[in-house]
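What follows is the residue order along each chain.
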Amino acid sequence: MGVSGEDFAARLAEVSAEYRKLSAAMSLLGSQLAALHTLVDGGTRTRPFGDGLFGLPPVDSAAAAVQVNLLGPFQLRIGEHDYCAALPGQVQTILKYLVSHRRCPVARDALLDLLWGEADPGVASGRLRVLMHTLRRSVPCIELGFRDLVVMSGNNFQVNPGARLWVDAEAFERHWHSGWRLVQAGYREEAAHEYEQAESLYTGDYLEDDPYSDWTLLRREALRDAYAGILTMLATMSLESRDYTGTIIWAQKLLSQDNCQEDAYYLLMSSHVALGQTARAASWYTLCARTLKRELGVEPSERLRSLHDRVA
């Protein structure tokens, strides 16, 4: 007997619903396993099934052959030697771009457009060959067990997959995501440790040497938001555990990044009130009101005003 269209549609809807339930359950299980592995391994493994975010297994900084800093000033280190000073600006741009996009090969045309968007393609290709030769000559890798830091396949370039590369921005994101998963699983103390590891890696904004490069803007703002969220979580956790000095330290760091962060003022005021330092709490409120008025043309929130009224 054949199956009617209505019966088939109903069965398909049932199967789809079951699949969605199974998918949600597997997602929850993945988060719980991630938290469990972080606990068992003492925080040294944050992705038990590999580095799904970057498509590459995480490399510990101590075991890395090449270390790259994308947070703050760009650095390319092999051992104790920083090779940036020896690299021309356009070679550095190529490396920054390839490291930032190292999950997959980058087309030659993308690099040509990045560096010489208006130039004749033949001329631009010749310039790219010169830069790649300069890179090979300037960053020797033979002693590390591979020939070139950047390899070519067809018309694509990528960072050598055989290079044991550690990138600070990737490590920052791994600790950040691990901390978030641990919070979701209820392991707040372990989450705080992961957040502290991430915070220590944020030595400056993403590729701060290239503030006007269009391709850096989106990730720079995303990482700035992540850093602000991490500082807020650390300050909040410290307040919850009555570590008021810790709250003040994290909240002040948050304000140094954005002096209009009302959450930071609230956390500072709450900590000083808990320490019996009501005058300091009032001073922070005054500074908050003045800053918000000057920068944004707004008044402090009702929550801040209520806290101020209780200590005034």
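Data block above holds the structure.
The present account deals with the structure reproduced in this document.

Conventions and cut-offs
- Residues numbered from 1 in each chain as written.
- Predicted model: local features only at pLDDT ≥ 70, side-chain atom pairs only at ≥ 80, totals over all residues.
- Heavy atoms only, no water.
- Phe/Tyr/Trp six-rings, centres within 6.5 Å; stacked < 30°, edge-to-face > 60°.
- Lys NZ or Arg CZ within 6 Å of the ring centre and 35° of its normal.
- Helix = DSSP H or I, 4+ residues; strand = E, 2+ residues; numbered from the N terminus.
- Expected span 1.5 Å × (residues − 1).
- Buried < 20%, exposed > 50% of the residue type's maximum accessible area, 1.4 Å probe, protein only.
- Pairing = 2+ DSSP bridges.
- Contact = heavy atoms within 4.5 Å.
- Axes fitted to C-alpha atoms, helices over the stretch in contact; angles between N-to-C directions.
- Arc of directions from axis to C-beta.

### Notes on the packing of aromatic side chains
Counting across every chain of the model gives 4 aromatic pairs. Put simply, the rings of Phe 172, Tyr 202 and Tyr 227 pair up and form one aromatic cluster. Lying across the ring of Tyr 266, Arg 303 places its NZ or CZ 3.8 Å from the centre.

### Details of helix 2 (residues 89-100)
Each α-helix turn comprises 3.6 residues. Residues three or four places apart therefore point the same way. In a regular helix each residue adds 1.5 Å, so 12 residues correspond to 16 Å; helix 2 covers 16 Å between its end C-alpha atoms and thus fits that length. With 10 of 12 residues buried, helix 2 lies mostly within the body of the structure. For helix 2, the full list of buried residues reads Val 91, Gln 92, Thr 93, Ile 94, Leu 95, Lys 96, Tyr 97, Leu 98, Val 99 and Ser 100.

### Describing the sheet that holds strand 4 (residues 106-107)
Ordered by their spatial adjacency, 3 strands build an open sheet running 4-6-5, and the pairing between neighbours is antiparallel. Every other strand in the sheet has two partners, leaving strand 4 and strand 5 (150-153) as the edge strands with one partner each. Pairing geometry for strand 4 and strand 6 (residues 156-159), over 2 bridges, is antiparallel. Following the sheet pairing, Val 106 is matched in strand 6 by Phe 157. Where helix 2 meets the sheet, its contacts fall on strand 4, strand 5 and strand 6, and the angle it forms with strand 6 comes to roughly 80°.

### Focus on helix 3 (residues 108-116)
Those residues of helix 3 lying buried are Arg 108, Leu 111, Leu 112, Leu 115 and Trp 116. The buried side chains of helix 3 occupy one side of the element, clustering within an arc of 100° when seen end-on. When the buried face of helix 3 is taken as reference, the exposed residues oriented beyond 90 degrees from it are Asp 109 and Asp 113. Turning to helix 3, the residues buried within the fold contact helix 2, strand 4, helix 4 (121-138), strand 5 and strand 6.

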